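Fold and geometry: a report
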Amino acid sequence: MPLPPSFTAAIAQLQSLLRQGWQALRQFLATRTRRQWWQAAACVPVFLVLLLGVLVLLTPSLSDIRKAKEDNPAQILSADGKELALFTRSNRRWIPLAQISPNVVKALIATEDHRFYEHHGLDWRRTAASVVYTLSGDRQGGSTITQQLARNLYPEKVGRDATLSRKLKEAVTAYKIEALYTKDEILETYLNTVPFLYNAFGIEMAARTYFDKGADKLTVLEAATLVGMLKGTSYYNPVRNPERAVQRRNTVLSQMVKREVLAEAEFDRLKTRPLRLDFERQEIAEGPAPHFVRALRGWLVDWADSHGYDIHSDGLVVHTTVDSRMQAWANQAVARHGRTLQAVAQRNWSQASAWGAQQPLVQTLVKESSAYRSAVASGEAPAEALKRLLIDRAFMAALREEKTRIQAGFLAMDPRNGHILAWVGSRDYKQDPFDHVQQARRQPGSTFKPFVYGAALLNGSRPSDTLEDKAVEIPLSGGQIWRPTDAQPPSNQAMTLADGLAYSKNTITAQVMQQVGPAKVVRLARSLGVRDSALDAVPALALGSSPVSLQEMVTAYASLARSGQYLPPVMVTRITNRDGDVLAEFAPARAEAAMDTNAANALVDMLRGVIDKGTGRAIRSTYGIHADVAGKTGTTQGNADGWFILMHPQLVTGAWAGFNDGRITLRSDYWGQGARSALPMVGDFTNRVLGTRRIDAQARFAEPEHSDWWGNLVDGLRERIQGWWGSTPEDEGAVQDHAPSAPRRPAPAPDASPPATPSTPAAPPMPGGGWPGREQRPGGPAPVTRDPDTSHDGPVEERTPTLQEQGLPAPAPAPVQPPPAGQDGAYNPYNLPPLPGQLPRPQDREAYPMPPLGG
């Protein structure tokens, strides 16, 4: 086939250009004098020296190489000196060469670098041979053990690309290593750093992973198998590719015969043996506070880089604010109550009415699964894929287990200095590393209401001021009307602001929001500590419609406990070296006035009512906490989220419970309330802390100053009268039947849900999960309140069924006992980075990466 004329013309033009270029080069060379030729020749070594100097600068320094050998990772300690984590480069256990089987060393040198003891970093003969073979089409590597070590230690500075620059960097680094270390030290470092898949780094972890023994016990066959993997760990993986692994193992054995470190007869006997693996993954030790450590690691990397330290090799000792005993109690409280909630979820979601093939939510979850997407991508019709998966029992059971796995977040803080004392980001870090303390954003429900009442106090209102408990209609933009309601009809009676907050009345809260305006509520919430999440300045914000993090809410409540003074959360107190020399010290930031002191103290006094007579009474009646505490419960639409935050002058603790998927709920109006899903975790923890005197049980909040003697007298008399008529300790979570804020109505029948008018974005309500039966006290039925929009934490029934009556384990608090052995961004409008030791803000997250612990 003849070539197109245009192509022929292009070739002719290229040939003409080449001829012209060659003629110009010949003319240039012919006109050069001998002196110019000598000058050009002299430039060659100068160029090589300059190139070598650049490579020396671009490759790791001698001090970096010396540190890499030392392998001295940063140690993370609790405030009481317990180890929380080690920031190692990888999951490895460093052992000296003397504790490594000689079979490993013989196999390694015979296979990878048989002239190891003769060269000084580069084997020139092997390098030249590899170039010849590569040019002939048979690509071969010529790297020595020292060069491979350079790549393993410095993958970023040296690189792994097959380029000339990489080979030059590798060679220079290899010479530096040889200059610093003996041959045995190089072998030791190499064998302790080489990767072997399955999160195993170094020969010791490899021996334990593949053969369940130490590196000193490896036989010739086992050593040859592991050394054979170094040519390609995935390709010669003995678990996935046993046949290839056997072939490669026998190649290593034949090399040992060739180098005369293995007898021919021994080789003939061994080459037919099977692999005989004893495989077991080696998990990275998580430590007691893995989510806290992960958050800390990002900040520490940034601090170390800016101060010239390496977190893997400089032996930093980071002293944190976490109390190891409090962390252990927090872990136990979350685990204990998490099991109870999981039993509820398991029982309710195992019913066909909840997890059935005809349920729209179940079908949606199947369509969102990776199995469904893969089936459709492979060409299966969507309807057929859905039908097939819905009848696949194993798949549906696994999907239900994943989607209905209860999760929790827990944070404890010292309000006096902002120190984080305990941090639990999920029920199981291995199962769910997502952090429900700092990363998760969920609607806070009624735990947001204190900011509404706080804005009212700043606006001149008093806790004793009254509003009518009546139907509320608030006009919205676009002609819409917002009608917040409670589960029971309004009583049309006067109610104080203090009672409106204590009993979590939506009608009262909405009126307060209407008086002060959303903008002031947003401003106060921001000042107190909700500084990272977006807050929509709309009326529904009064009932917690904007998602926030648990960390922000606990920080804001800590500001209230500190009489309205904001302090950012602090993780680190100081950093030292292994000799104890202080490298950096981090004092708490200066407190920032976030709220008028008297108004903050008055708001805390109002929140005492939540614990003394309102939705948080179980703190006293069930968990026996009689210290001066205040707090708030919160439950969102459909029981998707349960919250509880408790304040003490020396401890602020918050918990969240729910599911990762907001469409999944506990399907129980009883268990779904924050007073029963989140409060028990806080109650259990605080009971232990007070019982072991980690904080002062006699400490009290600062009291608000009354503007006149009459207001002081009226408030005191009202509280005394309510105390006389209060419920007995046995009426857990009950409300006094005299309270004007709780008009009586007949209790709904079991499994009946009171009517509700949604007012905030929420998932569609799920069927089932009604109220359990109850007994009535003489004199009429007990008041029952259910917040229909974002809260279910109004006054609850007088008597609730026990866990035994519901067929569930009892969540009673653990008795106080000695701890087990061994368990002993700041806000600124100028977008400045966080102060040392403070948690990074979301806008700084890119500069504060969160790799897995130990990664």
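Residues numbered from 1 in each chain as written. Predicted model: local features only at pLDDT ≥ 70, side-chain atom pairs only at ≥ 80, totals over all residues. Heavy atoms only, no water.

A closer look at the overall build of the protein chain
Put simply, the test is: Labels follow the DSSP assignment, with helices taken as runs of H or I lasting at least four residues and strands as runs of E lasting at least two, numbered in each case from the N terminus. Exposure is judged per residue with a 1.4 Å probe applied to protein chains only, and the accessible area is read against the type maximum: over 50% gives exposed, under 20% gives buried, and values in between give partly exposed. For the area figures, the Shrake-Rupley method with a 1.4 Å probe applies, and any residue is considered shielded solely by the protein chains shown.
Each helix and strand in the protein chain was counted, giving 28 helices and 16 strands. Considering the protein chain as a whole, with its 855 residues, one finds that 53% of them fall into the buried category. Per element, the accessible surface of the protein chain, about 38200 Å² overall, is 54% carbon and sulfur.

Quick notes on the nonpolar core
What counts here: Here, nonpolar core refers to any group of buried Ala, Val, Leu, Ile, Met, Phe, Trp, Tyr and Cys residues whose side-chain atoms link them within 4.5 Å. Pairs of residues are marked as contacts when any of their non-hydrogen atoms sit within 4.5 Å.
Counting 80 residues, the largest nonpolar core has Phe 292, Leu 300, Phe 451 and Met 647 as the members making the most contacts within it. For Met 647, the contacting residues outside a window of four places in its chain are Tyr 557, Leu 560, Ala 561, Val 604, Leu 607, Asp 628, Val 629, Ala 630, Val 652 and Phe 701. If you look at the next biggest cluster of nonpolar residues, it comprises 56 residues, including Phe 395, Ala 422, Ala 627 and Phe 685.

Quick look at the pairing of strand β3 (residues 317–320)
This is how the line gets drawn: We treat two strands as partners when DSSP finds at least two bridges between them.
Alternating residues of β3 divide into Val 317 and His 319 and Val 318 and Thr 320, and every residue in both groups is buried. Sheet topology note: the β3/strand β11 (residues 572–576) ladder contains four bridges and is antiparallel. Looking across to β11, one finds that Val 317 is bridged to Thr 576.

With respect to the sheet that holds β3
Here is the rule we go by: Axis lines are fitted to C-alpha atoms, over the contacting stretch for helices. Their N-to-C directions set the angle, which ranges from 0 to 180 degrees.
If you walk across this open sheet you meet the five strands as β2-β1-β3-β11-β12, and the pairing is mixed. Each having just a single partner strand, β2 (83–87) and β12 (582–585) make up the two edges of the open sheet. Between one strand axis and the next, the sheet turns by 20° as a mean value, whatever way the strands run. Sheet analysis places β11 next to β12, joined by three bridges and oriented antiparallel. Bridging across to β12, Thr 576 finds its partner in Val 582.

Brief notes about the sheet that holds strand β5 (residues 419–424)
Read from one edge to the other, the open sheet built from five strands follows the order β5-β4-β16-β15-β14, with strand pairing classed as antiparallel. Either end of the sheet is taken by a strand with one partner, and the two such strands are β5 and β14 (630–635). Ignoring which end each strand starts from, the neighbouring axes of this sheet average 10° apart. Sheet analysis places β14 next to strand β15 (residues 641–648), joined by six bridges and oriented antiparallel. For Gly 634, the partnering residue across the bridge sits in β15 and is Trp 643. Along the sheet, helix α23 (residues 550–561) makes contact with β4 (407–414), β14, β15 and β16 (651–658), crossing β15 at roughly 30°. Seen against the sheet, helix α24 (residues 597–612) touches β14 and β15 and runs at an angle of roughly 65° to β14.

Examining the environment of Leu 399
Mapped onto the elements of the fold, Leu 399 is located in helix α18 (residues 393–403). Taking C-alpha positions, Leu 399 is 8.2 Å from Leu 365, a pair spaced 34 residues apart along the chain.

Notes on the pattern of salt bridges
Stated precisely, the cut-off is as follows: Note on definitions: salt bridges are taken to be side-chain nitrogens of Lys or Arg within 4 Å of carboxyl oxygens of Asp or Glu.
The tally for this structure, following the rule as stated, stands at 27 salt bridges. Taken together, the shared-partner salt bridges connect Asp 605, Arg 608, Asp 628, Arg 700 and Glu 703 into one network.

Some points on the environment of Ala 540
Relative to the elements of secondary structure, Ala 540 occurs in the loop between α22 (518–528) and α23. The exposure class assigned to Ala 540 is buried, which follows from its relative accessible area of 12%.

Focus on a nonpolar patch on the surface
Defined as follows: Patch building starts from residues that exceed 30% relative accessible area and form no salt bridge, then joins like charges within 9 Å and nonpolar side chains (Val, Leu, Ile, Met, Phe, Trp, Tyr) within 5 Å.
Taken together, the side chains of Trp 22, Leu 25 and Phe 28 define a hydrophobic patch exposed on the protein surface, amounting to about 330 Å² of accessible area. For Phe 28, the position within the fold is in helix α1 (residues 5–30). A residue is classified by how much of its surface remains accessible, and Phe 28, at 45% relative accessible area, is partly exposed.

Points about the pairing of β15
Burial analysis of β15 places eight of its eight residues in the buried class, which makes it a mostly covered element. Burial of the side chains of β15 extends over both faces: Asp 641, Trp 643, Ile 645 and Met 647 are buried on one face and Gly 642, Phe 644, Leu 646 and His 648 on the other. The antiparallel pairing of β14 with β15 creates a hairpin that spans five residues between the two strands, and Gly 638 there sits at a positive phi of about 70°. Adjacent in sequence and paired antiparallel, β15 and β16 are bridged by two residues.

What about the environment of Gln 75?
Within the secondary structure layout, Gln 75 lies in strand β1 (residues 74–77). A C-alpha to C-alpha distance of 9.0 Å links Gln 75 and Arg 578, two positions 503 residues apart in sequence. When residues no more than four places from it in sequence are discounted, the contact partners of Gln 75 are Glu 83, Ala 85, Leu 86, Leu 316, Val 317, Val 318 and Arg 578.

A few points about the packing of aromatic side chains
Centre distance and the angle of the planes are the two values used to describe a pair of aromatic rings. Keep this limit in mind: Centres within 6.5 Å are what make two rings of Phe, Tyr or Trp a pair, Trp counting through its six-membered ring; a difference in plane orientation under 30 degrees is then read as stacked, over 60 as edge-to-face, and the rest as tilted. Here, a charge over a ring is recorded when the distance from Lys NZ or Arg CZ to the ring centre is within 6 Å and its angle to the ring normal is within 35 degrees.
The full count for this structure, using the stated rule, is 14 aromatic pairs. Considering the side-chain rings of Tyr 198 and Phe 279, the 4.8 Å spacing of their centres and the 70° angle between planes classify their relative orientation as edge-to-face. Here the residue Tyr 198 occupies a position in the loop between α8 (183–193) and α9 (203–211), and Phe 279 occupies one in the loop between α12 (264–270) and α13 (290–306), the gap between them amounting to 81 residues. Here Phe 279 falls in the partly exposed class, since its relative accessible area comes to 32%. Their ring planes at 70° and their centres at 6.3 Å tell us that Phe 451 and Tyr 557 sit as a pair that is edge-to-face. Highlighted residues: Phe 451 in helix α19 (residues 449–458) and Tyr 557 in helix α23, separated in sequence by 106 residues. Judged by relative accessible area, Tyr 557 falls into the buried class, the value being 0%. Through pairs of rings, three or more aromatic residues link up here, namely Trp 299, Trp 303, Tyr 309 and Phe 586. Sitting over the face of the ring of Tyr 235, Arg 244 holds its NZ or CZ atom 4.0 Å from the ring centroid. Taking the ring centre of Trp 349 as reference, the NZ or CZ of Arg 667 above it sits at 5.3 Å.

Let's talk about the packing of α19 against helix α21 (residues 506–516)
Think of two packed helices as two axes; the pair is described by the angle between the axes and how far apart they sit. Convention followed: Throughout, the term roughly parallel applies to angles under 35 degrees, roughly antiparallel to angles over 145, roughly perpendicular to angles from 65 to 115, and oblique to all others. Rotating anticlockwise by less than a right angle from the far helix to the near helix defines a left-handed crossing, while the corresponding clockwise rotation defines a right-handed one. Three residue categories are used. Nonpolar comprises Ala, Val, Leu, Ile, Met, Phe, Trp, Tyr, Cys and Pro, charged comprises Asp, Glu, Lys and Arg, and polar comprises the others, including Gly.
Remark: α19 packs on α21, axes separated minimally by 9 Å, with the N-to-C direction vectors making an angle of 45°. With respect to α21, the element α19 is oriented oblique. The handedness of the crossing between α19 and α21 is left-handed. Residues Lys 449, Val 452, Tyr 453, Ala 455 and Ala 456 of α19 form the contact with α21, whose participating residues are Asn 506, Ile 508, Thr 509, Val 512, Met 513 and Val 516. Across the contact of α19 with α21, the residue classes break down as eight nonpolar, two polar and one charged.

What to know about the packing of helix α15 (residues 360–367) against α18
Where α15 contacts α18, the axes come no closer than 11 Å and their chain directions differ by 100°. By the criterion of interaxial angle, the relationship of α15 to α18 is roughly perpendicular. Listed contacts from α18 to Val 362, Leu 365 and Val 366 of α15 are Phe 395, Met 396, Leu 399 and Lys 403.

Regarding the confidence of the model for the protein chain
Formally: pLDDT is a per-residue confidence score from the predictor, ranging from 0 to 100.
Residues at a pLDDT of 70 or more form 74% of the protein chain, whose mean pLDDT is 79. Looking over the protein chain, one finds the lowest element-wise mean pLDDT in helix α28 (residues 709–724), namely 54, and the highest in α23, namely 98. Here residues 725–855 scores under 50 on pLDDT; set against residues more than four positions off or in separate chains, the count is 331 contacts.

With respect to α24
What counts is decided by this rule: Multiplying one less than the number of residues by 1.5 Å gives the expected span of a helix. Here a polar contact means two N or O atoms within 3.5 Å. Within protein one must be a hydrogen donor candidate and the other an acceptor candidate, and residues neighboring in sequence count only if both atoms are side-chain atoms.
With 16 residues, α24 should reach 22 Å at 1.5 Å per residue; the first-to-last C-alpha distance of 23 Å fits that figure. Most of α24 sits inside the fold, with 12 of its 16 residues counted as buried. Taken together, the buried positions of α24 are Ala 599, Ala 600, Asn 601, Ala 602, Leu 603, Val 604, Met 606, Leu 607, Arg 608, Gly 609, Val 610 and Ile 611. Those residues of α24 that are buried lie in contact with α19, α20 (497–502), α23, α25 (618–621), β14 and β15. Two or three places before Asn 598, at the opening of α24, Asp 596 has a side-chain oxygen 3.2 Å from that residue's backbone nitrogen.

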